[in-house]
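# Examining the three-dimensional arrangement
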Amino acid sequence: MVDSNRLSHAILLCEHNGGGAFPLALALAQYANCRDRKDGDSCGVCPSCHKYRKLIHPDLHFVFPVSSTKELSESEKKAPISDYFLNSFTDLALRNPYFGEQELYESLDIDNKSGNISVNEARRIFEKLSLRASEGFYKVMVIFLPEKMNQEAGNKLLKIIEEPPQQTLFLLISHNPERVLQTIRSRCLRIDLKPMDREEKNTAAPASDNASMRGTITTLLEAVSRKDLAATFPIWESLAETGREKQKEFCLYSEEFIRKIFLVANGLESLADIHPAEEEAIRGLAKGLKPHFYEKALSVLDGVISAVEGNVNPKLVFCDMCNSLLQAM
Ligand SMILES: [Zn+2]
């Protein structure tokens, strides 16, 4: 559509919860605004792409269902809109673009875990879109869950979709298109996304989220397999400084990672569900770790989780963890 200059100005992407419509919408918007498209893809490096990838492009706007929270000021509480939650939203979207409805509410920390899109929000959309595109070709308005819009908000939005300012692109992402106001639906080009199969989900999983934990456990296990105690010092020191939740998350991730290495080492790779980003590290470690290591390592990590929950001094916990893992080799 972009290449043939026939991009519809309002597209309704329908997905199963977290089924990839959000990353698709972003990819489309980034492509439409890229200065240097190549082979059917955006370049990824021009100033526009750069800002899209960080979700800080001034012509990229997000609307999503919200409700009031304790953190908002008294006046904001009366008419909460997406702008008040933008940081939490972009944090979530960068961490895991395949987020679902409940994940959204949890990350916004809104009361009663359910939100809506109000008429105030529709007014705000109107204001934002009446400004000229500051640098891109398109002003892009991503509306997550338009079915959460009441009649009044819908009518206001409909006016803008019917007579859009020039170079505006509406990307609506719905989990329940039958509940989107019919008048709005009829103005949009509807695209239904097939649910992702397991392999696609694997490839699409939020790899960036796990990249740092993967790096840490890989370096640690490599040091362990060389019996290099000194190389573990910076690792336990930095683990000791992260928060308790992160520490537990690290242990759980590491247990899963070690299970995968065990499966690969034992020729059961098909059961291991390996993400492409993990593959190299897992194969390398499968050769380096001793057969009796795995079971002991898992019990060491279980012990770390209990100690973290029991508020034991984190430096002692993680120093001891590294030592015990070395003993297990
Ligand atoms: Zn580009």
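Predicted model only: the values in this text are computed from it and were never measured.

### Observations regarding the confidence of the model for the protein chain
- Per-residue pLDDT for the protein chain has a mean of 89; in total, 95% of the residues score no lower than 70.
- At the low end of the mean pLDDT range in the protein chain sits helix 9 (residues 198-204), at 66; at the high end sits strand 1 (residues 10-14), at 97.

### Looking at the packing of helix 6 (residues 119-130) against helix 7 (residues 151-162)
- Packing of helix 6 against helix 7 brings their axes to within 7 Å, and their N-to-C directions diverge by 15°. With respect to their mutual orientation, helix 6 and helix 7 come out roughly parallel. The handedness of the crossing between helix 6 and helix 7 is left-handed. Contacts between helix 6 and helix 7 involve Val-119, Glu-121, Ala-122, Arg-123, Ile-125, Phe-126 and Leu-129 on the former and, on the latter, Glu-152, Ala-153, Lys-156, Leu-157 and Ile-160.
- Partitioning the contact of helix 6 with helix 7 into residue classes produces eight nonpolar, no polar and four charged.

### A short note on the pairing of strand 4 (residues 168-174)
- Burial analysis of strand 4 places six of its seven residues in the buried class, the great majority of the element.
- Examined bridge by bridge, strand 1 and strand 4 share five bridges and lie parallel to one another. If you follow Ala-10 over to strand 4, its bridge partner there is Phe-170.
- Bridging between strand 3 (residues 139-144) and strand 4 involves six bridges; their strand directions are parallel. Within the sheet, the bridge partner assigned to Ile-143 lies in strand 4 and is Leu-172.
- Between the parallel pair strand 3 and strand 4, the chain is carried across by helix 7, and the sense of this crossover is right-handed.

### So, the sheet that holds strand 1
- Pairing is parallel in the open sheet, where five strands are placed in the order 2-3-4-1-5. The strands lining the two open edges of the sheet, one partner per strand, are strand 2 (60-63) and strand 5 (189-192). The sheet shows a mean angle of 20° between the axes of neighbouring strands, direction not considered.

About the thresholds
- Residues numbered from 1 in each chain as written.
- Predicted model: local features only at pLDDT ≥ 70, side-chain atom pairs only at ≥ 80, totals over all residues.
- pLDDT = per-residue confidence, 0-100.
- Helix = DSSP H or I, 4+ residues; strand = E, 2+ residues; numbered from the N terminus.
- Axes fitted to C-alpha atoms, helices over the stretch in contact; angles between N-to-C directions.
- Parallel < 35°, antiparallel > 145°, perpendicular 65-115°, else oblique.
- Left-handed = near helix turned anticlockwise from the far one by under 90°.
- Contact = placed C-beta atoms within 7 Å.
- Nonpolar A, V, L, I, M, F, W, Y, C, P; charged D, E, K, R; others polar.
- Buried ≥ 20, exposed ≤ 12 C-beta atoms within 10 Å, placed from the backbone.
- Pairing = 2+ DSSP bridges.
- Right-handed = clockwise from strand over helix to strand, strands pointing away.

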